[in-house]
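As a plain string of letters, each chain reads:
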Amino acid sequence: MRRHAALLALTSLLGSAPVSAAAQATGTTAFNAPYRAFVRSEIGVLLSFPNGGGTALEGAYRIASHGFDLGFKAGFFTPSGAGDTELLLGAEARQRVITHTIDFPLDGAVIVGVGGNFVSGASQLIIPVGLSLGRRVDPRGSTVSIVPYVQPTMYIRAGSATPHVLFTLGLGGDFRLSRVFDARISAGLGDSEGVSIGAVWVH
């Protein structure tokens, strides 16, 4: 098993109002499988529903770069009630660091990112660092393949007087329905809870 250490340090204050917890780089519970589903790139739409209420709609684009891939997300979060709509922007990198063996049956990748939620008076910076662990399953006699995975994630949230370090456990599954289309679902447990679903076209 290969070991890889990823260090990312960045702290900044973006506002003064308290904000809700967040997981991945844009604050949604859309997590990542341990390996990419594409050769060159993918583009998709993500819909997220945090437990605190509201809906996030994001567009996502990811490209391959040698041994890792880099993704970008942008969208909007509309809270329930009278809150203002937030702009979501973020970037994430994924690097494969573990290949399954007889002794350890899972593949793994380090996920690091930076992004934030932006709204007048209550913006926040989010820096997630996680390890995605899973394994592709190819059911016999089916053209569909599934990648179930878990992604424990630590993230820094800055935007109030003191940056906070929080933790969440991401659970997900990527479903390859055809050569060019994936359906994805994930959920968060811990400091960030909610459900995300996605439709992704791969190339």
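Here, every reference points to the structure presented above.
Residues numbered from 1 in each chain as written. Predicted model: local features only at pLDDT ≥ 70, side-chain atom pairs only at ≥ 80, totals over all residues. Heavy atoms only, no water.

Asker: Go over the sheet that holds strand β6 (residues 124-134), please, and point to the residues and values.
Answerer: Taken together, the ten strands give a closed barrel; going around it, the order is β1-β2-β3-β4-β5-β6-β7-β8-β9-β10, and neighbouring strands pair in antiparallel fashion. Strand-to-strand twist across the sheet, computed as the mean angle between neighbouring axes with direction ignored, equals 20°. (Pairing = 2+ DSSP bridges. Helix = DSSP H or I, 4+ residues; strand = E, 2+ residues; numbered from the N terminus. Axes fitted to C-alpha atoms, helices over the stretch in contact; angles between N-to-C directions.)

Asker: I'd like a description of the side chain of E86, backed by residues and values.
Answerer: On the secondary structure map, E86 appears in strand β4 (residues 86-98). Despite its burial, E86 pairs with no opposite charge, the nearest such side chain being R157 at 11 Å. In this structure the side chain of E86 is engaged in a polar contact, spanning 3.4 Å, whose partner is the side chain of N117. The contacts of E86, once residues within four sequence positions are left out, are G75, F76, F77, N117, F118 and V119. (Buried < 20%, exposed > 50% of the residue type's maximum accessible area, 1.4 Å probe, protein only. Lys, Arg positive; Asp, Glu negative; His and termini not counted. Salt bridge = Lys/Arg side-chain N within 4 Å of Asp/Glu carboxyl O. Polar contact = N/O pair within 3.5 Å; in protein donor to acceptor, adjacent residues only side chain to side chain. Contact = heavy atoms within 4.5 Å.)

Asker: Give a detailed account of the nonpolar core, specifying residues and quantitative values.
Answerer: Burial of nonpolar side chains together is a common tendency in soluble globular proteins. By size, the foremost hydrophobic cluster in this structure holds six residues: A93, V97, I98, V110, V112 and L133. Looking at this core, the elements that each hand over two or more residues are β4 and β5 (107-118). For this core, the element with the highest residue contribution is β4, accounting for three residues. In this structure L133 touches P34, I98, F104, L106, D107, G108, P148, Y149 and V150, once residues within four positions along its chain are discounted. Counting residues in each nonpolar core, the second largest holds five residues, with F31, A33, Y35 and V147 among its members. (Core = buried A, V, L, I, M, F, W, Y, C linked by side-chain atoms within 4.5 Å.)

Asker: So what about the packing of aromatic side chains? Which residues, and what values?
Answerer: Two numbers describe a pair of aromatic rings. These are the distance of the centres and the angle of the planes. Under the criterion given, the structure shown has one aromatic pair. The ring of F38 carries the charged tip of R36 above its face, separated from the ring centre by 5.8 Å. (Phe/Tyr/Trp six-rings, centres within 6.5 Å; stacked < 30°, edge-to-face > 60°. Lys NZ or Arg CZ within 6 Å of the ring centre and 35° of its normal.)

Asker: Lay out the pairing of strand β9 (residues 181-190) in plain terms, naming residues and giving numbers.
Answerer: Consecutive residues of a regular strand have side chains that alternate between opposite faces of the sheet. Pairing of strand β8 (residues 164-176) with β9, which is carried by nine bridges, proceeds in the antiparallel orientation. By the bridge assignment for β9, G173 is matched with I185. Hairpin connection from β8 to β9: four residues lie between these consecutive antiparallel strands. Here β9 runs beside strand β10 (residues 194-202); their pairing, made up of eight bridges, is antiparallel. Within the sheet, the bridge partner assigned to F181 lies in β10 and is W201. As consecutive antiparallel partners, β9 and β10 are separated by three residues.

Asker: Break down the side chain of N117 for me, with residues and values.
Answerer: Following the sequence through the fold, N117 ends up in strand β5. When its relative accessible area of 8% is taken as the criterion, N117 is described as buried. With sequence-adjacent residues up to four places away left out, N117 is seen in contact with T26, G27, E86, L87, L88, S123, Q124 and I126.

Asker: So what's going on with the pairing of strand β1 (residues 41-50)? Residues and values would help.
Answerer: Across eight bridges, β1 lies against strand β2 (residues 55-65) in antiparallel orientation. Looking across to β2, one finds that I43 is bridged to Y61. Between β1 and β2, which pair antiparallel in sequence order, lie four residues; one of them, G53, sits at a positive phi of approximately 105°. Where β1 and β10 come together, nine bridges link them in antiparallel fashion. Bridge pairing in β10 places S48 opposite S196.

Asker: Please give an account of the environment of G194 that cites residues and values.
Answerer: Inspection of the secondary structure assignment puts G194 in strand β10. Other than its neighbours up to four places away in sequence, G194 contacts T29, F49, P50, N51, S186, A187 and G188.

Asker: So, the environment of L47: which residues are in play, and what are the values?
Answerer: Looking at the element boundaries, L47 is found in strand β1. What makes L47 partly exposed here is its relative accessible area of 28%. Measuring from C-alpha to C-alpha, the distance between L47 and S196 comes to 5.6 Å, with 149 residues separating the pair along the chain. Excluding residues that lie within four positions of it along the chain, L47 makes contacts with T55, A56, L57, V195, S196 and I197.

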